[in-house]
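Spelled out, the chains give:
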Amino acid sequence: MVAIRPEAPADHDAIREVHRRAFGPASGEAELVDALRAAGAHEPGLCLVAVDGDAIVGHVFLSRARLDSGDAVLALAPMAVRPDRQRRGVGTRLVAEALERAATTDYPLVVVVGHPEYYPRLGFERADRFGVRAPWEIPPQAWMLHRLPAYRPAARGLVTYPAPFDAVA
């Protein structure tokens, strides 16, 4: 049975391994997570692990970003599940739990660059329909947001991600 809980410092090595296995050792996702933590750009209670027994099999990371309207928002990235555990609902459970926890905050929305057939099942919508723009060239169907209870239409504009994203963009 897979349990979802907030990440802890003792999990960091296992989290790096999950990202390396999911994305490949040269992808930079594991290093991005470390850099975001070091910069204090993440929301610790919203960075979650999926644990099966004593093994971490998945991870989702939410960090703070900003709209040029001045609103602070959340950025979901990265999310990884060990290849041997993919397509079993682990990633869906991680994202759903992160969104449920984010819904109790004052953040208006969560942005993600993601698979256009996966994230809409979790309540994500095309961000361009809400006036939220990506900082990079991204196909519009892959640039999405999830509106949280604190959402208001004035939360719009260009998203600025935390500086560690610049190294992987």
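Keep in mind the model is a prediction, meaning the values are calculated, not measured.

Trainee: An account of the pattern of salt bridges is needed here, citing residue identities and associated values.
Mentor: Scanning the model with the defined rule gives 14 salt bridges in all. Put simply, Arg-85 and Asp-52 hold a salt bridge, and the shortest N to O gap is 2.7 Å. Residue Arg-85 is located in the loop between β4 (72-81) and α3 (90-102), and its partner Asp-52 is located in strand β2 (residues 48-52); the two are separated by 33 residues in the primary sequence. Exposure remark for Arg-85: the relative accessible area of 13% places this residue in the buried category.

Trainee: Can you tell me about the layout of surface pockets, naming the residues and giving the values?
Mentor: Of the pockets and cavities examined, the largest pocket occupies roughly 520 Å³. Residue assignment for the lining of the largest pocket shows that the elements contributing at least two residues are α1 (12-23), β4 and α3. Its residues assigned to classes, the lining of the largest pocket comprises 8 nonpolar, 5 polar and 4 charged.

Trainee: I'd like a rundown of the packing of aromatic side chains, residues and numbers included.
Mentor: Summed over all chains, the structure comprises 6 aromatic pairs. On the basis of an interplanar angle of 85 degrees and a centroid distance of 6.1 Å, the ring pair of Phe-130 and Tyr-151 is categorised as edge-to-face. Of this pair, Phe-130 sits in the loop between β6 (125-126) and β7 (132-133) while Tyr-151 sits in the loop between β8 (143-147) and β9 (157-160), placing them 21 residues apart in sequence. Consider the rings of Trp-143 and Tyr-161, whose centres lie 6.4 Å apart with planes at 50 degrees: the pair is tilted. On the criterion of sequence distance, the pair formed by Trp-143 in strand β8 and Tyr-161 in the segment after β9 is long-range, its members being 18 residues apart. Judged by relative accessible area, which is 4%, Trp-143 ranks as buried. Tyr-161 gets classed as buried once you look at its relative accessible area, which sits at 10%. Aromatic rings pair up to connect Trp-136, Trp-143, Tyr-161 and Phe-165 into one cluster. Sitting over the face of the ring of Tyr-151, Arg-147 holds its NZ or CZ atom 5.7 Å from the ring centroid.

Trainee: Can you tell me about the nonpolar core, naming the residues and giving the values?
Mentor: Val-60, Leu-76, Val-95, Val-110, Tyr-119 and Phe-124 are the most contacted members of the largest nonpolar core, which has 27 residues in total. Those elements giving two or more residues to this core turn out to be β1 (2-6), β2, β3 (55-67), β4, α3 and β5 (109-113). No other element matches α3, which puts 6 residues into this core. In contact with Phe-124, not counting residues within four places along its chain, are Leu-76, Val-95, Leu-99, Val-110, Val-112, Tyr-119, Met-144, Leu-145 and His-146. Core analysis: the next-biggest nonpolar cluster, separate from the first, contains 26 residues, Ala-41, Leu-67, Val-111 and Ala-127 among them.

Trainee: Report on the pairing of β3, specifying residues and quantitative values.
Mentor: Of all the 13 residues making up β3, 10 are buried; the element is thus mostly covered by neighbouring parts of the structure. The turn joining β2 and β3, which pair antiparallel and follow one another in sequence, is formed by 2 residues; a positive phi near 65 degrees is taken by Gly-53. Pairing of β3 with β4 involves 8 bridges; the strand directions are antiparallel. Along β4, the bridge assignment pairs Ser-63 with Ala-75. Between β3 and β4, which follow one another and run antiparallel, lie 4 residues, and Gly-70 among them has a positive phi close to 100 degrees. The pairing of β3 with β9 spans 2 bridges and is classified as antiparallel. Bridge pairing in β9 links Leu-67 to Val-159.

Criteria and thresholds
- Residues numbered from 1 in each chain as written.
- Predicted model: local features only at pLDDT ≥ 70, side-chain atom pairs only at ≥ 80, totals over all residues.
- Heavy atoms only, no water.
- Salt bridge = Lys/Arg side-chain N within 4 Å of Asp/Glu carboxyl O.
- Helix = DSSP H or I, 4+ residues; strand = E, 2+ residues; numbered from the N terminus.
- Buried < 20%, exposed > 50% of the residue type's maximum accessible area, 1.4 Å probe, protein only.
- 1 Å grid on protein atoms, 1.4 Å probe; cavity = no way out; pocket = protein on both sides within 12 Å on 5 of 7 lines; lining within 4 Å.
- Points joined across faces, edges and corners; volume = space filled by probe spheres on them.
- Nonpolar A, V, L, I, M, F, W, Y, C, P; charged D, E, K, R; others polar.
- Phe/Tyr/Trp six-rings, centres within 6.5 Å; stacked < 30°, edge-to-face > 60°.
- Lys NZ or Arg CZ within 6 Å of the ring centre and 35° of its normal.
- Core = buried A, V, L, I, M, F, W, Y, C linked by side-chain atoms within 4.5 Å.
- Contact = heavy atoms within 4.5 Å.
- Pairing = 2+ DSSP bridges.

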